[in-house]
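Coordinates in review
Listed below are the residues making up each chain.
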Amino acid sequence: MGKTLYLECYSGISGDMTVAALLDLGADQKVLEDVLESLPVQGFEIKVSRVTKSGIDACDFDVILNEEIDGHDHDMEYLHGLDHQHTHDHEHVHEDGSVHTHEHHHHDHSHEHHHDHGLHEILHIIEHADMTERAKETAVRIFQILAEAESKAHGVPADQVHFHEVGAVDSIVDILAVAICLDNLDITEVIVPFLCEGQGSIRCQHGIIPVPVPAVVNIAQAHGLTLKPTGVQGELVTPTGAAIVAAVRTSDKLPQTCRIVKIGMGAGKREYEGTGILRAMLLESGSAEAADTIW
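Right, let's walk through the structure included here. (Residues numbered from 1 in each chain as written. Predicted model: local features only at pLDDT ≥ 70, side-chain atom pairs only at ≥ 80, totals over all residues. Heavy atoms only, no water.)

The number of helices and strands found in the protein chain is eleven helices and twelve strands. Burial status across the protein chain gives 49% buried among its 295 residues. In the protein chain, once contacts between residues fewer than 6 apart in sequence are set aside, the share between residues at least 24 apart is 73%. Carbon together with sulfur atoms contributes 51% to the accessible area of the protein chain, which is approximately 13,900 Å² in total. (Helix = DSSP H or I, 4+ residues; strand = E, 2+ residues; numbered from the N terminus. Buried < 20%, exposed > 50% of the residue type's maximum accessible area, 1.4 Å probe, protein only. Contact = heavy atoms within 4.5 Å. Areas by Shrake-Rupley, 256 points an atom, 1.4 Å probe, with all protein chains shown as cover.)

A word on the layout of surface pockets. Within this model, the second largest pocket holds a volume of roughly 250 Å³. Lining the second largest pocket are Met1, Gly2, Lys3, Thr4, Ile191, Lys253, Leu254, Pro255, Val261, Leu283, Glu284 and Ser285. At the level of secondary structure, the elements contributing two or more residues to the lining of the second largest pocket comprise β1 (3-8) and β12 (277-285). Per element, the largest residue contribution to the lining of the second largest pocket is three residues, and it comes from β12. Split into classes, the residues belonging to the lining of the second largest pocket amount to six nonpolar, three polar and three charged. (1 Å grid on protein atoms, 1.4 Å probe; cavity = no way out; pocket = protein on both sides within 12 Å on 5 of 7 lines; lining within 4 Å. Points joined across faces, edges and corners; volume = space filled by probe spheres on them. Nonpolar A, V, L, I, M, F, W, Y, C, P; charged D, E, K, R; others polar.)

A separate point is the environment of Leu32. The residue Leu32 is located in helix α2 (residues 29-38) in this model. For the pair Leu32 and Cys181, spaced 149 residues apart in the sequence, the C-alpha separation amounts to 7.0 Å. Once you skip the residues sitting within four places of it in the chain, Leu32 turns out to touch Val19, Leu23, Ile46, Phe61, Ala177, Ile180 and Cys181.

Moving on, we come to the packing of aromatic side chains. Applying the stated criterion across every chain, the model contains one aromatic pair. Considering the side-chain rings of Tyr10 and Phe194, the 5.3 Å spacing of their centres and the 65° angle between planes classify their relative orientation as edge-to-face. Of this pair, Tyr10 sits in the loop between β1 and α1 (15-24) while Phe194 is found in the loop between β6 (187-191) and β7 (195-199), placing the two residues 184 residues apart along the sequence. Owing to a relative accessible area of 48%, Tyr10 belongs among the partly exposed residues under this scheme. Since its relative accessible area comes to 13%, Phe194 is described here as buried. Positioned above the aromatic ring of Phe194 is the side chain of Lys228, whose terminal nitrogen or guanidinium carbon lies 3.8 Å from the ring centre. (Phe/Tyr/Trp six-rings, centres within 6.5 Å; stacked < 30°, edge-to-face > 60°. Lys NZ or Arg CZ within 6 Å of the ring centre and 35° of its normal.)

The end-to-end C-alpha separation of helix α9 (residues 169-184) is 22 Å, in line with the 22 Å expected for 16 residues at 1.5 Å each. For α9, the buried fraction is high: 14 of the 16 residues fall into the buried class. At the C-terminal side of α9, Asp186 shows a positive phi close to 60°. (Expected span 1.5 Å × (residues − 1).)

A few words on the nonpolar core. A general tendency of soluble globular proteins is for nonpolar side chains to be buried together. Counting 71 residues, the largest nonpolar core has Leu5 and Leu176 as its most contacted members. In terms of residue count, the dominant contributor to this core is α9 (eleven residues). Setting aside chain neighbours within four positions, we find Leu176 in contact with Leu39, Ile125, Ile126, Met131, Ala139 and Phe143. (Core = buried A, V, L, I, M, F, W, Y, C linked by side-chain atoms within 4.5 Å.)

What follows is the structure in structure tokens.
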């Protein structure tokens, strides 16, 4: 008998909020770290901490990329392939293994190549990760949903999407972490009635785009997710967050009666009005006379 998870998305949902909420529910952080260490992806570390949002204690999950730590940009060597060749002659590897990059090496350009990966490479990473089959299946499903939505938004085939949202190392880690934690908690049912979303517009790599962003609208449309508009200016639902819900949701209705076994609070990074927390609950279907009934 697997467990039932209820996600309350009053502040929207993103990958890192979901990982944080699941860790707060008791997903094993050591299991997560071991799998992430097995990945053929270097250049990142994870940080799990407690933060206070609107006076509420919550878990925060952060993926820290190496160039944020040491100013270098040498992660993902393994995946660069041809993209990497044309920057190679500008780099000198010192005896100690550090990479020195000349000034004339156009950093923005390398940054895009270093952090955009196509679906094919990502599926390769998942296939060779030290994860259970069930976790792999969840991760693959999330990426496929995301790839389809981004492909439709940008008008390119899904296998050619250069995900800025998907292929960025932090997004890859968030999605794999969600799959690992859901599996570790043995969650088989996921109830998500709606996703609150902001409005207005945000700046992305290509310019200014409306909120909800096109990939989120595409996912909501393809998978029947209910987006609830709020007055918040800005993006509450990220494409990764929407893809996670679309991939794992089994119902959009709460049972008539149920007992809350445990509550997990996942903090969002953005500072909007509202709590900025994803609340996750493990539920047990209860009898009508259960004391803590939620209607």
